[in-house]
Every structure is written in structure tokens, then in C-alpha cells.
Amino acid sequence: MFGLRVLSVFSVILVPIILTAKIETDWFETLKGERAPRLPLLEFDHKSYYLGIIFKGSYFQAEQFCRYHGMQLLSITSAEENDFLGQNVIKMGLSTERFWTSGSRLPDGKTWVWMSTGRPFSFNNWFPGEPNNAKEYNEQCVETKINKDELKWNDVNCTRQLYFICEISWPTDCYKLLEKINSTQVSDVNLPAGLIDVRIQP
Ligand code: MMA
Ligand code: CA
């Protein structure tokens, strides 16, 4: 009986307190952990990245791995993002390696799009002379590799065996809220309509 009482005190009073404290202090870390568990992630702007160097595979195997982990193959939409990733690839001693991005012209055979987002390229950093659909190779997927201290892009056959980079994009609302929380007193932040306030009041 005593054991039961201890158990019910624990579950009725302590569990909600522990859970609320956890949600209040690091809910965003928790959310990220749920979506992309156990992978060491790089953080830039509103995205997290995973450098896939545990195996080499085709474009499709790379995409499958990323999806399995709640992520997608990389898209690069700015020079800043390209630089950030390049610096990290160099820092990790992977300057001679090639990585899959989600860039491809598979859908219509000619327009370069990011398959992770469905968007056509808004920024590019092709190697000089690329994309060239090199003779007889049927090059429909985009790899990236360090050249002169930055990531340059090249079209290659999608069945080549390469490392890869996965990404996950955090929803703008969620990210803006995080920035606000980091720069304000928690109690000053108004939650978006529809969210239940579980924060501990000071
Ligand atoms: C060359 C060049 C590329 C092509 C690859 C295929 C090493 O680079 O022709 O455009 O994609 O070969 O291996
Ligand atoms: Ca090429």
C-alpha cells in the first residue's frame, strides 16, 4: 500500500513537474532529438545538417538514409550556406571527398531542382564547365566537393557511390519563437494562437 502511495505521488505530482520543466528549458532540443535522433548535427540558420560519412551509396540510397532519420538530402540556397558547409567539410578533414546533394534534373530531364524542397536552383556554385552531362554518363544528379576552399558542384550519374549530406529545416514560426525566447525573458514571449502555455510562471 505504501509503495502504491509513493508511486501515485510520483506520477501525479512529480511527473508533470519534471515534464513541464523539461519542456520549458529545452523543448526545441527535445523536438530536434525526436525528429533526427542520435545524429551529430551541424546548425546554421533555420537548418540542421548531418554529414553522412558512415557509408557511400547512390543518390537514392543517400536519400533513403536521410528519410529514415527524419531528414532529407541537402539543398543549398545561398553562398552563406555553401560557405558554412564547405568550412565544416574542410574542418573535418573531408576536402577530398564527394557528397550527394538533393540537386537533380530527374523530373523533366533539364531543369535543375532540389528534390528535398521541389524548388529550382536559386543560387549555384558549379565547377567551371559544369553541368556538362559528361558523354555517355547520363549525369542527372548533383555532387559537391571542395575546390579552392569552397564547395563546388558537378553533375554526375546518380548511381555513383558517394558520401552525402542530410538536412532538416525548422519551420519558420518555430524558429522565430526560439530566437525570441533566447533573446527575451521567457515570460515576455507570447505563444502563437492555439498553443497551450505549459511554461512555469516566475
Ligand atoms: C570529370 C568531368 C565531370 C564529370 C566527371 C564524371 C572528374 O570530372 O567530366 O563533368 O561529371 O568526370 O566522372
Ligand atoms: Ca559533370
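Our structure is the block above this text.
Just so we're clear, the structure is a prediction, and the values are computed from it rather than from any experiment.

Visitor: Please clarify how the pairing of strand 7 (residues 150-156) should be interpreted in this entry.
Guide: The two faces of a sheet get side chains in turn, since along a regular strand they alternate between them. The pairing of strand 6 (residues 141-147) with strand 7 spans 7 bridges and is antiparallel. Note that in strand 7 the partner of cysteine 141 across the bridge is valine 156. Hairpin geometry of strand 6 and strand 7 is characterised by an intervening segment of 2 residues between the two adjacent antiparallel strands and by a positive phi of about 50° at lysine 148.

Visitor: Could you clarify how one ought to interpret the environment of phenylalanine 60 in this entry?
Guide: In this fold, phenylalanine 60 is placed in helix 2 (residues 59-68). Along the sequence, phenylalanine 60 and leucine 73 sit 13 residues apart, while their C-alpha atoms lie 9.5 Å from each other.

Visitor: What should I look at first to understand unusual backbone geometry in this one?
Guide: A negative phi holds for most residues other than glycine; trans holds for most peptide bonds. In this structure, proline 131 follows glutamate 130 across a cis peptide bond, with omega equal to -5°. By the secondary structure assignment, proline 131 is in the loop between strand 5 (113-114) and strand 6. Residues other than glycine seldom take positive phi values, yet glutamate 136 does so here, at roughly 70°. Turning to its location among the elements, glutamate 136 is positioned in the loop between strand 5 and strand 6. Of the residues examined, glutamate 136 has 7 C-beta atoms within 10 Å and is grouped as exposed. Its identity as a non-glycine residue notwithstanding, asparagine 138 has a phi of 55°, on the positive side. Position of asparagine 138 among the secondary structure elements: in the loop between strand 5 and strand 6. In this structure asparagine 138 comes out as partly exposed when scored by C-beta crowding, with 13 C-beta atoms within 10 Å.

Calculation rules
Residues numbered from 1 in each chain as written. Chains lettered and ligands numbered in written order. Predicted model: local features only at pLDDT ≥ 70, side-chain atom pairs only at ≥ 80, totals over all residues. Pairing = 2+ DSSP bridges. Helix = DSSP H or I, 4+ residues; strand = E, 2+ residues; numbered from the N terminus. Buried ≥ 20, exposed ≤ 12 C-beta atoms within 10 Å, placed from the backbone.

No statement about biological role is implied by the geometric values presented.
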